[in-house]
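# Coordinates in review
Okay, here's what each chain looks like letter by letter:
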Amino acid sequence: MSAELAFEYLTKWYSILIGAALIYGIARYIKIQLFIRKHGCEETPFLPDAKWFAIPIMSRVLKAKNEGRLVDLAQSFMTSDRRTTHVYLGPARIIFTIDPENMKTMLATKFNDYALGFRHTHLAPLLGDGIFTLDGEGWKHSRSMLRPQFAREQVAHVRALEPHVQVLMKHIRLNKGKTFDLQELFFKLTLDTSTEFLFGESIYSLYDSSIGLTPPTDIQGRSEFADAFNTSQKYLGTRAWLQFMYWVVQNREFYQCNAKVHKVAKYYVKRALNFTPDELEKASANGYTFLYELVKQTRDPVVLQDQLLNILVAGRDTTAGLLSFTFFELARNPDVFEKLKNEIYEHFGKGDESRVEDITFESLKQCEYLKFVLNEALRMYPSVPLNFRVSTKDTVLPNGGGKDGTKPVFVGKGTTVAYTVYCTHRDEKYYGKDANVFRPERWATLNKLGWAYLPFNGGPRICLGQQFALTEASYVIVRLLQNFPNLVSKDDRPYPPAKSMHLTMCHQDGIFVELS
Ligand code: HEM
């Protein structure tokens, strides 16, 4: 080839493009190698079955997800010398870790090296821009605006729960002597309590003709809200699972359900914005309402709606899941149930002699065994068992590399790191040989767990509603045990139970018990 011909080819646009890509690739490769050498990084082991473009593992993952055994499958992959591992999905390297030091690094010490990845795109059709969906400055602003709403005085308001618990108890009495699904009722209960706390008025999903109750107030779209909200959340969960393939989930039902949820939220936002200062003061005096406090900080209806729905998603299913798994294990462990009842009766009485007014934020904190039971339920069934972060720059995780897993691991910019607290919470290294057994007593001696116990996340994005959730769950447990001293498991399905994973985890098909 003559020099002129070669020059002609080399100056074509595609040759320049290929050349530039090659130079970029080589420069990037050298930069990564230098970075790896500087930090002493070594590769993590491959996830088992991750060969052949991860096709064998993906088919196992999909099967396990359908059967409600996804987190149990994840647990089976992790061994004492493999707490961090990786897989390639096409060209994308995904790291999985259950190592507490790695989680601490991502969530706290190197917080700024990570972001939420696609979360905003996944969840925005329902949630818009809020504390749960935003990164960076938007998140910081949301957090500082919402944080004061979770001060102790607000979360201490257990009185507001009592009317809803009374309605729940009507449903339970209706099922006396029968097997029924307690989880379904808990999901309705937490929707009713959280909408009252957030909107200033409950959605009253527990009110129905079976117990002869109609909602004390009604608005357009109220009766459809619960189903629409549940369906939307399922779609959001699927979009989150699909990561960059989220756009597959775009159907009419999803958008219709979002519209139904928005309609109700808009109604309450508009109502709060239309209050005169006097009316607002009067409405606030009836008890704490999140929305009424928030309108004192912003009058932007979109901001108000988005933040309300963000909190509703963050707080409702998580608390219902906690209550459901707690009762599931109490029903399987009669000794624990008896011990818990005794503690509750000692503090607050029972049956007709229940001292309801003694149940406060402070007195609930005095119930040590109740605390152990909730710790144990959240250990074995963390509401958010699997979570993700995406690196915003080349960075390093401290553990998981090399043969013995003790070397640092390179995390290239844009890498997804999945962390599975479900597996950490069942790791024998931290919880002993009986890590898979429900044994609340272990909390009497467990100490210095640090990041090996992480149901509420850690670092700057730690759950804002932790105290709120624990207070609500404690109150509901106390009231139910005071009134229903007999709990029998009516579940002969295999153990560990099948678990559904959408945005949060719950029992795949419900919690079947007899309660009287
Ligand atoms: C058992 C109940 C609950 C559990 C286990 C739980 C767990 C979590 C976890 C793991 C996160 C971190 C998510 C992430 O960053 O990827 C989180 C965040 C959050 N939670 Fe909770 N949560 C519970 C209840 C609640 C309740 C009742 C509320 C509010 C009423 C709430 C409000 C929030 C908020 C606002 C965030 C976002 C914080 C931020 O990104 O700055 N949570 N929660």
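A UniProt comment under Cofactor (unreviewed entry) is attached to the protein, and it reads "heme".

Our focus in this paragraph is the layout of surface pockets. By volume, the largest pocket is sized at about 1000 Å³. Along the wall of the largest pocket there are 37 residues; nearest its centre are M58, L89, I94, W241 and Q243. For the lining of the largest pocket, the per-class residue count stands at 28 nonpolar, seven polar and two charged. Its boundaries defined by the atoms lining it, the second largest pocket holds a volume of some 650 Å³. E184, F187, N230, K234 and R316 are the residues nearest the centre of the second largest pocket, which is lined by 28 residues in total. Counting only elements with at least two residues in the lining of the second largest pocket, the list comes to α10 (182–199), α11 (222–242), α15 (301–332) and β11 (505–507). The dominant element in the lining of the second largest pocket, judged by the number of residues it contributes, is α11, at eight residues.

Here, UniProt's "binding site: heme" (unreviewed entry) annotation points to C463. With respect to the secondary-structure elements, C463 resides in the loop between α20 (428–431) and α21 (466–483). Exposure remark for C463: the relative accessible area of 32% places this residue in the partly exposed category.

Turning our attention to the confidence of the model for the protein. Residues with a pLDDT of 70 or more make up 99% of the protein, whose mean pLDDT is 94. Across the interface, the model reports ipTM at 0.99; the global pTM reads 0.94.

Below, the discussion takes up the environment of P148. Inspection of the secondary structure puts P148 in the loop between α7 (136–146) and α8 (152–155). With relative accessibility at 44%, the residue P148 sits in the partly exposed group. Taking C-alpha positions, P148 is 9.6 Å from E293, a pair spaced 145 residues apart along the chain.

It is worth spelling out the nonpolar core at this point. Counting residues in each nonpolar core, the largest one holds 75 residues, and the members touching the most others are L168, I172, L182, F186, L340, I477 and L480. Filtering out sequence-adjacent residues up to four positions away, L168 remains in contact with L185, F186, L189, L206, V476 and L480.

On to the site of the ligand, then. In the neighbourhood of the ligand, 27 residues make up the surrounding shell, with R119, W139, R143, N387 and C463 lying closest. Within the side chain of N387, a nitrogen or oxygen atom sits 2.8 Å from an oxygen atom of the ligand. A distance of 2.8 Å separates an oxygen atom of the ligand from a polar side-chain atom of R461. Those elements that provide at least two residues to the shell around the ligand are α7, α15, β5 (387–391) and α21.

Scanning the model with the defined rule gives 28 salt bridges in all. Of the charged contacts, one joins D113 and K393 as a salt bridge, the two residues approaching to 3.4 Å between their closest N and O atoms. Taken together, the residues D113 in the loop between α5 (100–109) and β3 (114–115) and K393 in the loop between β5 and β6 (395–401) connect sequence positions 280 residues apart. Residue D218 pairs with R222 through a salt bridge whose shortest N-O separation is 2.6 Å.

Spatially, the five strands line up as an open sheet ordered β1-β2-β8-β5-β3, and their pairing is mixed. Two strands bound the open sheet, and with one partner strand each, they are β1 (84–89) and β3. Across six bridges, the pairing between β1 and strand β2 (residues 92–97) is antiparallel. Note that in β2 the partner of V87 across the bridge is I94. Along the sheet face, α5 touches β1, β2, β3, β5 and β8 (416–419) and points at about 125 degrees away from the line of β8.

This part takes up the packing of aromatic side chains. Tallying each qualifying case throughout the model produces 24 aromatic pairs. Their ring planes at 50 degrees and their centres at 5.4 Å tell us that Y235 and F254 sit as a pair that is tilted. Placement of the pair is Y235 in helix α11 and F254 in helix α12 (residues 252–274), with a sequence separation of 19 residues. Neither Y235 nor F254 differs from the other in exposure class; each is buried. Arranged with centres 6.5 Å apart and planes meeting at 75 degrees, the rings of Y369 and F372 form a pair that is edge-to-face. Of this pair, Y369 and F372 both sit in helix α18 (residues 368–380), three residues apart, which is roughly one turn of the helix. Like Y369, the residue F372 is buried in the burial classification. A connected cluster of aromatic rings, assembled from ring pairs, spans F150, F197, Y288, F290 and F468.

What counts, and at which threshold
Residues numbered from 1 in each chain as written. Predicted model: local features only at pLDDT ≥ 70, side-chain atom pairs only at ≥ 80, totals over all residues. Heavy atoms only, no water. UniProt positions renumbered as here; feature names shortened; annotations may be inferred. 1 Å grid on protein atoms, 1.4 Å probe; cavity = no way out; pocket = protein on both sides within 12 Å on 5 of 7 lines; lining within 4 Å. Points joined across faces, edges and corners; volume = space filled by probe spheres on them. Nonpolar A, V, L, I, M, F, W, Y, C, P; charged D, E, K, R; others polar. Helix = DSSP H or I, 4+ residues; strand = E, 2+ residues; numbered from the N terminus. Buried < 20%, exposed > 50% of the residue type's maximum accessible area, 1.4 Å probe, protein only. pLDDT = per-residue confidence, 0-100. Core = buried A, V, L, I, M, F, W, Y, C linked by side-chain atoms within 4.5 Å. Contact = heavy atoms within 4.5 Å. Near = heavy atom within 4 Å. Polar contact = N/O pair within 3.5 Å; in protein donor to acceptor, adjacent residues only side chain to side chain. Salt bridge = Lys/Arg side-chain N within 4 Å of Asp/Glu carboxyl O. Pairing = 2+ DSSP bridges. Axes fitted to C-alpha atoms, helices over the stretch in contact; angles between N-to-C directions. Phe/Tyr/Trp six-rings, centres within 6.5 Å; stacked < 30°, edge-to-face > 60°.

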